[in-house]
Amino acid sequence: MKCILLALVLLSTVTLRAADEPAAKWWAHIVFLANDSMNGRDTGSPEHRKAAEYIAAEFKKAGLEPGGTNGYFQPIKFRSRKIVEEKSSLSLVTAGGVVEPVVLGEEATFSMRIEPAASVEAPIVFAGYGLQIPEAKHDDLAGLDVKGKIVMLLTGGPSTIPGPLLAHYQSIRWQYLKKAGALGTFSIQNPKGQDIPWDRSKLSRFMPAVAIADPALDETLGQQVAVTINAAKADKFFTGSGHSFKELLALSNDGKVLPRFTVPLTARVKVAIDAKALESDNVIGILRGTDPTLKAEYVMISAHIDHVGVGEPINGDRIYNGAMDNASGIATLIETASALAANHTNQRSIVFVAVTAEEKGLLGSRYFANRPTMPARSIVADLNTDMFLPLFPLKSLVVQGLEESDLANDLKRVARPLGIEVLSDPEPERNAFIRSDQYSFIKTGVPALSLKVGFVKNSAEHEIVKRWRTERYHAPSDDLAQPIDRKAAEDFGQIYVLLVEAVANRATRPAWNENSFFKRFAR
Ligand SMILES: [Zn+2]
């Protein structure tokens, strides 16, 4: 987003003055948070801090009590890592000693989400999806020796396993690979589940990755290697194995279990990093409940503040503004807070949590869910919005977590009278269930929903969303110049307020469904 910014700011201010309608207020927050001077609100940046201060000021204006450890803020210590690619290398060595270099960026990238070992030399074993799911009687590691090896895997899983269960086990994959003695992973992303084409996603490898400094909350501990392989160039990694990537991908796309086998190659890995300490804040405001008993229970309303900052230029633009991802969700959070505070009819307390470091792996929400500023048991639900994409009229909502808890009833009760349909995720292969902050709450036993403007699979609206992801998702063009359906944003905001109110005032504490896998995490 470049020079049209000033014009937009002026235009938006004029609109705001002329008509105080909800969409204009919502948009004004986005203009503040996602204009070029905010440099994409990267975790730990001064602009992220500025965004956090803006949100705290809005919470105060709405009349929320501070709910952090330092006023409205909950500061978190992080470690930030960046690759020094010119000092890093990856090669494959055949049994005969032939060294085949891998072109970084084109064929594979190193993930900085882990603390990589400076150098590793280890055999490679292909472990299918690399999954162990006892509930589905699925075990890719059965009879396979992965000790001291690098586990190569294809993301996804057999189609017989329900989406949320599959997504959950993929997210904790390292826990059981570590237990089995693996050194690290080579992941091949199934192109079917990828929002961003490789040519674009490879550019993000130079952006810093971040981990929570407290090792108790670092889920990647012990992983020495994490490589992502370009699916289009994956065959190189199967040389001499008697298998082609095409064959494996076809099996996966048919929803089948994958073969597992040793690859007659040794990986030679060298990684140099540039690391530093960072601090960044969650922002927390509380609207106290009106009921003497129920006010001791807390309904969380979450959205992430951060985006990915300044990166490699695309069409000459380096600023990844993150207007929809997720200034839009923060704007909805602020407007929900001010609407509910004005009514103040909520019996339970409502906690507005604007979290940091979502783009780094849901870290701010993980920190809050594990180090809450109120008793953990008193947190009864989380409602989340992340990039809800008001690109066309709101006729339905696509909801993560709908099958898991009775929060679904609250949503249906408020949506139906408005003629809004409530839909399950039509694209479970994207793992959206584990890709935003609601999942941090789910993992600590709190029932949660995350909502977006809905669409039916393969509809014209679905095409609009897919195009948006390919072109604008995590690109500099997710900016203030993109076309937005403001009426849809307004309708979404209205239904969100009704949902929060319904959950805050329901008679019973939200409950997991009897058959939900996630019930076991309940405290
Ligand atoms: Zn997001």
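Just above, that's the structure.
Residues numbered from 1 in each chain as written. Predicted model: local features only at pLDDT ≥ 70, side-chain atom pairs only at ≥ 80, totals over all residues. Heavy atoms only, no water.

Caption draft 1: Structural view of the overall build of the protein chain. Across its full length, the protein chain carries 13 helices and 22 strands. Against the globule reference of 24 Å for 523 residues, the protein chain gives a C-alpha radius of gyration of 23 Å, in line with a compact fold. Overall, the protein chain is about 75 × 55 × 45 Å in size when its C-alpha atoms are taken along their principal axes. Residues classed as buried in the protein chain amount to 60% of the 523 residues present. Total accessible area on the protein chain stands at roughly 20300 Å², and carbon and sulfur atoms take up 54% of it. The protein chain carries 60 positive and 60 negative side-chain charges, and their two centres are separated by 3 Å. (Helix = DSSP H or I, 4+ residues; strand = E, 2+ residues; numbered from the N terminus. Rg over C-alpha atoms; globule rule 2.2 N^0.38 Å. Buried < 20%, exposed > 50% of the residue type's maximum accessible area, 1.4 Å probe, protein only. Areas by Shrake-Rupley, 256 points an atom, 1.4 Å probe, with all protein chains shown as cover. Lys, Arg positive; Asp, Glu negative; His and termini not counted. Charge placed at Lys NZ, Arg CZ, Asp CG, Glu CD.)

Caption draft 2: Region of interest: the coordination of the zinc ion. Around the zinc ion, the donor atoms from the protein are His304 (NE2), Asp325 (OD), Asp386 (OD) and Asp386 (OD), and they sit 2.0 to 2.6 Å away. For the zinc ion, the donor residues sit on a single chain with the sequence spacing H-x20-D-x60-D. Taken together, the residues span a long stretch of sequence, with His304 in strand 15 (residues 298-304) and Asp325 in helix 8 (residues 323-343) at a distance of 21 residues. An identical accessibility class is assigned to His304 and Asp325; each is buried. (Donors = N, O, S within 2.8 Å, 3.2 Å for Na, K, Ca; no water.)

Caption draft 3: Summary view of the pattern of salt bridges. For the structure on display, the rule yields 32 salt bridges. In this structure, the salt-bridge partner of Asp214 is Arg371, at a minimum N-O distance of 2.5 Å. Separated by 157 residues along the polypeptide, Asp214 in the loop between strand 11 (209-212) and strand 12 (225-229) and Arg371 in the loop between helix 9 (363-370) and strand 19 (379-385) bring together distant segments of the chain. Judged by its relative accessible area of 27%, Asp214 is partly exposed. Between Lys443 and Glu219 there is a salt bridge; the shortest N-O distance is 3.0 Å. Within this pair, whereas Lys443 is found in the loop between helix 11 (438-442) and strand 22 (448-453), its partner Glu219 is found in the loop between strand 11 and strand 12, the two being separated by 224 residues in sequence. (Salt bridge = Lys/Arg side-chain N within 4 Å of Asp/Glu carboxyl O.)

Honestly, that's just the spatial picture; any functional story needs more than this.
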